[in-house]
Amino acid sequence: MEDPNPSFYRMVEYFYHFAVKVVEPALFEYLKKHAHFSEKKRKQRVAGILKVMGSCNSSLQFEFPLQRKNGDYEIVQGYRSQHSVHRLPCKGGIRFSDQVDLEEVKALAALMTYKCACSNIPFGGAKGGVAIDPKKYTVAELQRITRRYTLELAKKNYIGAGIDVPAPDVNTSGREMSWIVDTYIKTLGFHDLNAAACVTGKPINGGGIHGRVEATGRGVFLCTTIFIQDPEWMKLIGLEPGYKNKTAIIQGYGNVGSYAAMYLEEQGVKVTGVLEYDCNLKNENGINTKELHAYKTKNRGSAKGFSGATECGPELLYEKTDILVVAAMEKAITVKNADKLNCKILSEGANGPTTPAADVILRKKNILVLPDLLANAGGVCVSYFEFLKNLNHVSFGKLSIKFWRDSNTALLDSVEQSLKNSNISAKIAPTKTFASMIAGASEEQIVNSGLEYTMENACRNVKRTALKHNLGLDVRTAAYITSIEKIFVTYDEHGLAL
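Since the structure is predicted, the reported quantities are computational estimates derived from the model, not experimental observations.

Peer 1: Whenever I open this one, the domain arrangement of the chain confuses me. Can you help?
Peer 2: One frequently used descriptor of interface size is the decrease in accessible area upon assembly of the parts. With domains assigned, the chain is organised as domain 1 (58-206), domain 2 (214-378) and domain 3 (398-440). Computed over C-alpha atoms, the centres of domain 1 and domain 3 are 48 Å apart.

Dropping the structure here:
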């Protein structure tokens, strides 16, 4: 696709269909297991499943009135798309943005389908949004909008633990998720034991899970780590494996970008610059808002900001660096700026930050692009863990943590007593590492280890696919193929509803 400014939905469609062309022959081979199928029937089945997989199952668009604080009335537009129901429930965030429209929501829902499949998370893809600028509304107005939006979803059967499970997205957080779950439980969900599982990304006290807030940024970091520590992949881009003496620039310093930066710095990476979008940094750095601001960093002040930052121009994006994390909005990397990038690895923390035409330019420049459906899957992965916690009605580790602490303590005492019985005087003490694990795993440790395991498996599968299809640095196509193959098997085994 050579369009310099394609719609988001067209971008996702292009990446999907490009991957389909590569993987189609392998799908024909897979169907040879059905010995009774003729060649014609195999081709028809492949074409049929791919058509279903690439289409949007259903979309909801509605409007409702809002009376503002000053007495004026306005009409608010809301959206929800369920792209795929090959797995239920569907899963996807809700964003509050005046840029939201039905096409954007459908594109994000499609991306969620492929993202979940790529990381082997058993959800279908969905997405929702409300077309408002939340900065222009009071907290009370936002609450009324969120609750009314929830009621509209509930009336049309677009929310529920077995149907569709929203989550936070752009300009939404645990606060909005609390309003949603409270509204749902007090209306249609009061008779549902698992009603709290109707959304994820909730505060801890409201049924949330430790590790969810930082999960997407942590996933970006883990994906980057897995590739940067692989000598074979680093050889392709002429970079030494590992984080030693590496630098990074963060584009979009919100939740995802800030946590990705924090974890990179913990590994010794020097974050040399940050490009911030419409985010209030004035109190800390004296930088104004409402525009893109770029500033070079000196030292970290906290997990959410840098101190001693020097404001500079947006050309910071083109400075030489090893790792560029793009964590703002879609279509940040286009044909206008792709050729100017001077990084070795581009990690996509945002959804759809690179246009297809720009993607081609980056590969020609020998830049390793870690695509959105792989790199930023940490959020939906930990959302899945929260979903399971809500269904189980118990925190991870709660039933076993005391048992393992007592068991391990008894084991050390037993060894010490055995030595004493053999006239060997020794004090058995746990190592520092074992001491931190002696009580068993906390919920946060379980979540973080589960996320790491999921990201490792996903990256391993994508690497294997890239090698199998001889894709070189085209990790995006490899990730889409990985998703397509998994969804294809599900449809083939379950059959298509007629």
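Peer 1: Is there a simple way to think about the nonpolar core in this case?
Peer 2: For soluble globular proteins, nonpolar side chains are generally found buried alongside one another. With 89 residues, the main nonpolar core has Phe227, Leu368, Leu374, Tyr480 and Ile484 as its most contacted residues. In terms of residue count, the dominant contributor to this core is helix α1 (residues 8-30) (ten residues). Among the domains, domain 1 (58-206) and domain 2 (214-378) are the pair contributing at least three residues each to this core. Excluding residues within four positions of it along the chain, Phe227 makes contact with Trp233, Met234, Leu368, Leu370, Leu374, Cys459, Lys463 and Val475.

Peer 1: Looking at this model, I keep getting lost on the packing of aromatic side chains. Mind explaining?
Peer 2: Any pair of aromatic rings gets described here by the distance separating the centres and the angle formed by the planes. With the rule as written, the count across this model stands at 15 aromatic pairs. Ring geometry for Phe62 and Tyr149: centres 5.6 Å apart, planes at 40 degrees, overall tilted. Residue Phe62 is located in strand β1 (residues 58-67), and its partner Tyr149 is located in helix α4 (residues 139-155); the two are separated by 87 residues in the primary sequence. Comparing Phe62 with Tyr149 shows no difference in burial state: the two are buried. Pairing Phe123 with Tyr384 gives two aromatic rings, centres 5.5 Å apart and planes at 90 degrees, and the pair type is edge-to-face. In this pair, Phe123 sits in the loop between α3 (102-118) and β4 (124-130) while Tyr384 sits in helix α12 (residues 378-392), placing the two residues 261 residues apart along the sequence. A residue is classified by how much of its surface remains accessible, and Phe123, at 1% relative accessible area, is buried. Here Tyr384 falls in the partly exposed class, since its relative accessible area comes to 22%. Joined through ring pairs, the aromatic side chains of Tyr14, Phe15, Tyr16, Phe18, Tyr114 and Tyr480 make up one cluster.

Peer 1: I keep staring at unusual backbone geometry and nothing clicks. Help me out?
Peer 2: Among all residues save glycine, negative phi is the norm, and among peptide bonds the norm is trans. Cis geometry is found at the peptide bond from Leu88 to Pro89, where omega equals 5 degrees. Among the secondary structure elements, Pro89 is positioned in the loop between β2 (73-82) and β3 (90-96). In this structure, Asn120 takes a positive phi of about 60 degrees despite not being glycine. Within the secondary structure layout, Asn120 lies in the loop between α3 and β4. The phi dihedral of Asn470 falls on the positive side, at around 55 degrees, and the residue is not glycine.

Peer 1: What should I look at first to understand the UniProt feature "site: Important for catalysis" (unreviewed entry) in the chain in this one?
Peer 2: Following the UniProt record, the feature "site: Important for catalysis" (unreviewed entry) maps to Asp169 here. Here Asp169 is to be found in the loop between β5 (164-168) and α5 (174-185). For Asp169, the contacting residues outside a window of four places in its chain are Gly93, Ile94, Arg95 and Lys127.

Peer 1: Looking at this structure, how should I read helix α6 (residues 215-228)?
Peer 2: Three- or four-residue spacings in an α-helix give side chains the same orientation, since the helix completes a turn every 3.6 residues. Spanning 14 residues, α6 covers 20 Å between terminal C-alpha atoms, matching the ideal 20 Å at 1.5 Å per step. Counting buried positions over the 14 residues of α6 gives 14, a clear majority of the element.

Peer 1: I'm lost on the pattern of salt bridges in this one. Help?
Peer 2: A side chain of one charge can pair with a side chain of the opposite charge when the charged atoms of the two come close. Counted by the stated rule, this structure contains 28 salt bridges. Asp169 is the partner of Lys127 in a salt bridge, and the nearest nitrogen-oxygen pair spans 2.8 Å. With Lys127 in strand β4 and Asp169 in the loop between β5 and α5, this residue pair connects regions lying 42 residues apart in the sequence. Comparing Lys127 with Asp169 shows no difference in burial state: the two are buried. The partner of Arg476 in a salt bridge is Asp359, with the nearest N and O atoms 3.2 Å apart.

Peer 1: How should I be thinking about the sheet that holds β3 in this particular structure?
Peer 2: Strand pairing in a sheet is mediated by backbone hydrogen bonds. Such pairs are either parallel or antiparallel. Judged by pairing direction, the sheet is mixed, and its five strands sit side by side in the order β1-β2-β4-β3-β5 without closing on themselves. Of all the strands in the sheet, just β1 and β5 have a single pairing partner and so form its edges. Strand after strand, the sheet turns through a mean of 20 degrees between neighbouring axes, direction not considered. Alignment of β2 against β4, held across five bridges, turns out to be antiparallel. Across the sheet, the residue bridging to Tyr79 is Gly129, located in β4. The sheet strands contacting α4 are β1, β2, β3 and β4, and the helix crosses β1 at an angle near 140 degrees.

Calculation notes
Residues numbered from 1 in each chain as written. Predicted model: local features only at pLDDT ≥ 70, side-chain atom pairs only at ≥ 80, totals over all residues. Heavy atoms only, no water. Domains from an automatic or database assignment. Core = buried A, V, L, I, M, F, W, Y, C linked by side-chain atoms within 4.5 Å. Buried < 20%, exposed > 50% of the residue type's maximum accessible area, 1.4 Å probe, protein only. Helix = DSSP H or I, 4+ residues; strand = E, 2+ residues; numbered from the N terminus. Contact = heavy atoms within 4.5 Å. Phe/Tyr/Trp six-rings, centres within 6.5 Å; stacked < 30°, edge-to-face > 60°. UniProt positions renumbered as here; feature names shortened; annotations may be inferred. Expected span 1.5 Å × (residues − 1). Salt bridge = Lys/Arg side-chain N within 4 Å of Asp/Glu carboxyl O. Pairing = 2+ DSSP bridges. Axes fitted to C-alpha atoms, helices over the stretch in contact; angles between N-to-C directions.

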